[in-house]
Structure formats: structure tokens, C-alpha cells
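Working through the structure, step by step
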Amino acid sequence: MSNINHSKILILGSGPAGYTAAIYTSRAMLEPVLLTGIEPGGQMTITTDVENYPGFSDVIQGPWLMEQMRDQAEKVGTKIILDTIIDVDLSVRPFVLSSDSEKKYSCDALIISTGAQARWLGLKSEDKFKGYGVSACATCDGFFYKDKKVMVVGGGNTAVEEALFLTNFASEVILVHRRNELRAEKILQNKLFNHPKISTIWDSEVKEIIGEDNPPSVNSALLKNVKSNSENKIMVDGIFIAIGHSPSSSIFKDKLEINENGYIITEPDSTLTSVEGVFAAGDVTDEKYRQAVTAAGLGCMAALEAESYLSSKE
């Protein structure tokens, strides 16, 4: 295995969970290697204002927070590599992982913190206009819709938060939900319903996104009422999809226990997965909270459990 890069601990993912795991395992003198994945910094790099991360009385920026975590991880000894794993073999010891750069890595303990990605509607017209009027990140793209009319699709916390954020720029925000009530927290619902710029369309789903081809731009959305099957065309300048996230766990299918929604299953009060020596932390395993601070906490747990596991093997 001389052509394989070996480390005691390999960490996949560079969000709050991954960096926290790296900091703790580095301080334990385990010389971890962290592979950043396709999106270094994770979802926090597309989050602008962060008001709820402990320790900061003023609003901070998500990308800045990730830079600080990365710098701290490197300072205590983490080796950070820009690479993405595309295949894993957990049937052998040490574990062997293959990357899209055609490199191979092996490790005695593996911490998976690959996070989650935005979920899309799955429409051809959606793919056509991604980046040209269709977005999954209001904090990234809201600025481009100053004094324009936009639509947000979804009914959970994310959708309501996106709609409220967009009122800082847009002249009008329409929230479209396929049910007749929201799943979002009541305090967020109250803010939404009382905001003069926001209106809601119930029991409806987006059937098609319509726009110009040259240059690509969105000008409307065709909605279908799920109860009456009637259709209605709504003129909008931009559409924000906020229907949740899908965990980045596809490469672990049939290799680890994963639930019906794609989240890696861990033992109760633990980050240990169905394979001894493999731990999972952050949004790839957390279907309920999905917060930066809880991801960091799980990263800490994974590091401590991985350290204990390696000590027991020695």
C-alpha cells in the first residue's frame, strides 16, 4: 500500500463538524488529514449573516467563520487537502478511499462530515435557469433582486427565513407551499404573515419555470393547485427553492446503515456508525437540528470517540 496516502484519522468534509473534529484530533496528536470535498467550508460559505453562533455578540459572516475554523485546524496540525472522495472500501482494514483526482487514501479511523446539499424540484426548466433566475440560496443571490418580484418555494424554516431575508431587497415576495399550512416555527410564521411585502399561495406547486433564452432569465412560474388541478401563471423575476436539503451520503450507500431520507444512522448518543471505526457527524447524520453549532458539537464527539477507538486498538 505504498502508493496510498495513509493517516490514522481521515476526515471527510470541511464544515463546522469536520473542522471541529480536526481541531480535537490534532490536539490529541493524531495528525489527522482532512479532505475538503467539492465545497470547502460547506453550507456556511453560502451563509452571509450569522447571528446565532455562540461567542459573537455582533453579526458575523459564514465564510469568515469557516476561514477561522480552517486556520485554527491548520495551526494545531491538521493537514488539509483539496480533494473529493468518490468511492470507499470499508470492508478492509485500514479503510481505503478513492478520490476524483485518482488518488487513494487509507486510514485506521474515518470521520464522515460531508454535510448536506440543497434539494431541488427536479424540473427540466429548473435546471435550465439555475443561476439565471433560479437559486437555492437567498443570502447568496438576494442582492441581485433589488426592487424586483421574487418567489420562494417551500414551507419549512428555511423557506420562511429565505422569504424574510429577501424582503431586504425585493419589492414583493411570494411564498408558494403545496400544503395549506407551514411547517416553520410559529415565531417565524408570525413574522412572515405580518410582513407587508410577503404574500402566500397555498396548496400549489411549481409545474414549470418560464423565461427568456437569450440571455437566460426567468420571467414567470406556472403553478398548479394540488386540490383543484387548476393552473396559474405568476410573473416573477426570480425563484428561490427552499424545500430542504439532502445529505451527501451517496458514496456510503450499501456500505453503512442509512435511513430512508439518506442520513447516516449512528448509535444512540454516539457518532459511531454501523461499521466499527467509522464515525459520522454534522448534517450528514443530523436530520432534526441541522445547525452549525450542533454540527460542531457532533464533530467534537466524533473526534473523542475516534481517539478512544484508536487507543483501544493500540
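Please read all numbers here as calculations on a predicted model, not as lab measurements.

The next subject is the overall build of the chain. Helices and strands together make up the secondary structure of the chain, namely seven helices and 19 strands. The C-alpha atoms of the chain give a radius of gyration of 21 Å, which matches the 20 Å a tight globule of 314 residues would have. The buried share of the chain, reckoned over its 314 residues, is 47%. In the chain, the proportion of contacts linking residues at least 24 apart, taken out of those at least 6 apart, comes to 59%. As displayed, the chain offers around 15900 Å² of accessible surface, 48% of which is attributable to carbon and sulfur atoms. Of note, the chain has its 30 positive side-chain charges centred 4 Å away from the centre of its 42 negative side-chain charges.

What follows deals with a positive patch on the surface. Taken together, the side chains of R119, R179, R183 and R290 define a basic patch exposed on the protein surface. Counting through the fold element by element, R179 comes out in the loop between β12 (172–176) and α6 (186–193).

On to the packing of aromatic side chains, then. Overall, the coordinates contain eight aromatic pairs when judged by the stated rule. Taking 6.3 Å as the distance between ring centres and 80° as the angle between the ring planes, the aromatic pair formed by F143 and F169 counts as edge-to-face. A residue pair is termed long-range when its members are at least 10 positions apart, and F143 in the loop between α4 (138–141) and β11 (149–153) and F169 in the loop between α5 (157–166) and β12 qualify at 26 residues. By relative accessible area, which is 57% here, F143 ends up exposed. Centre to centre, the rings of Y145 and F240 are 5.4 Å apart; their planes meet at 75°, and the pair counts as edge-to-face. Remark: F240 occurs in strand β17 (residues 238–241) and Y145 occurs in the loop between α4 and β11; sequence separation between them is 95 residues. Aromatic ring contacts, followed pair by pair, group F143, F144, F165 and F169 into a single cluster.

Next up on the list: helix α7 (residues 292–313). For α7, spanning 22 residues, the distance from its first C-alpha to its last is 32 Å, which sits close to the expected 32 Å at 1.5 Å a residue. Along α7, the residues that are buried comprise A292, A295, A296, L298, G299, C300, A302, A303, A306, Y309 and L310. Buried-residue contacts for α7 involve β1 (5–12), α1 (16–27), β8 (104–112) and β19 (278–280).

Here we take up the pairing of β17. Covered by surrounding structure in β17 are G238 and F240 together with I239 and I241, the residues of both alternating faces. One ladder, built from two bridges, connects strand β10 (residues 134–135) with β17; its direction is parallel. In the sheet register, V134 faces β17, and the bridge partner there is I239. Where β11 lies against β17, four bridges are found, and the strand directions are parallel. Across the sheet, the residue bridging to V153 is I241, located in β17.

Right, let's talk about the sheet that holds β12 for a bit. Read from one edge of the open sheet, five strands run β10-β17-β11-β12-β13, paired in parallel fashion. Whereas interior strands pair on both sides, the edge strands pair on one side only; in this sheet they are β10 and β13 (198–201). Here β11 runs beside β12; their pairing, made up of five bridges, is parallel. The residue of β12 that forms the bridge with V152 is L175. Across the face of the sheet, α5 comes into contact with β11, β12, β13 and β17 while running at roughly 170° to β11.

So, about the pattern of salt bridges. Two side chains with opposite charge may pair up if their charged atoms get near one another. Within the structure shown, the criterion is met by eight salt bridges. Across the salt bridge formed by E74 and R70, the nearest N and O atoms sit 3.7 Å from each other. Taken together, the residues span about one helical turn, with E74 and R70 both in helix α2 (residues 62–75) at a distance of four residues. With a closest N to O distance of 2.8 Å, D87 and K255 form a salt bridge. With D87 in strand β6 (residues 85–89) and K255 in the loop between β18 (245–247) and β19, this residue pair connects regions lying 168 residues apart in the sequence.

Residue placement: T25 occurs in helix α1. A polar contact of 2.8 Å, which involves the side chain of T25, links it to the backbone oxygen of A21. There is a polar contact of 3.3 Å between the side chain of T25 and the backbone oxygen of A22. Leave out the neighbours within four places in its chain, and T25 touches I9, I11, L30, E31, P32, I111 and A303.

α6 packs onto α5 with a crossing angle of 35° between their chain directions and a minimal axis gap of 10 Å. Seen along the crossing, α5 lies across α6 with a hand that is left-handed. Along the contact surface, α5 presents N157, V160, E161, A163 and L164, while α6 presents L188, K191 and L192. Its residues assigned to classes, the contact of α5 with α6 shows five nonpolar, one polar and two charged.

Definitions and cut-offs
- Residues numbered from 1 in each chain as written.
- Predicted model: local features only at pLDDT ≥ 70, side-chain atom pairs only at ≥ 80, totals over all residues.
- Heavy atoms only, no water.
- Helix = DSSP H or I, 4+ residues; strand = E, 2+ residues; numbered from the N terminus.
- Rg over C-alpha atoms; globule rule 2.2 N^0.38 Å.
- Buried < 20%, exposed > 50% of the residue type's maximum accessible area, 1.4 Å probe, protein only.
- Contact = heavy atoms within 4.5 Å.
- Areas by Shrake-Rupley, 256 points an atom, 1.4 Å probe, with all protein chains shown as cover.
- Lys, Arg positive; Asp, Glu negative; His and termini not counted.
- Charge placed at Lys NZ, Arg CZ, Asp CG, Glu CD.
- Patch = residues over 30% accessible without salt bridge, like charges linked within 9 Å, V, L, I, M, F, W, Y side chains within 5 Å.
- Salt bridge = Lys/Arg side-chain N within 4 Å of Asp/Glu carboxyl O.
- Phe/Tyr/Trp six-rings, centres within 6.5 Å; stacked < 30°, edge-to-face > 60°.
- Expected span 1.5 Å × (residues − 1).
- Pairing = 2+ DSSP bridges.
- Axes fitted to C-alpha atoms, helices over the stretch in contact; angles between N-to-C directions.
- Polar contact = N/O pair within 3.5 Å; in protein donor to acceptor, adjacent residues only side chain to side chain.
- Left-handed = near helix turned anticlockwise from the far one by under 90°.
- Nonpolar A, V, L, I, M, F, W, Y, C, P; charged D, E, K, R; others polar.

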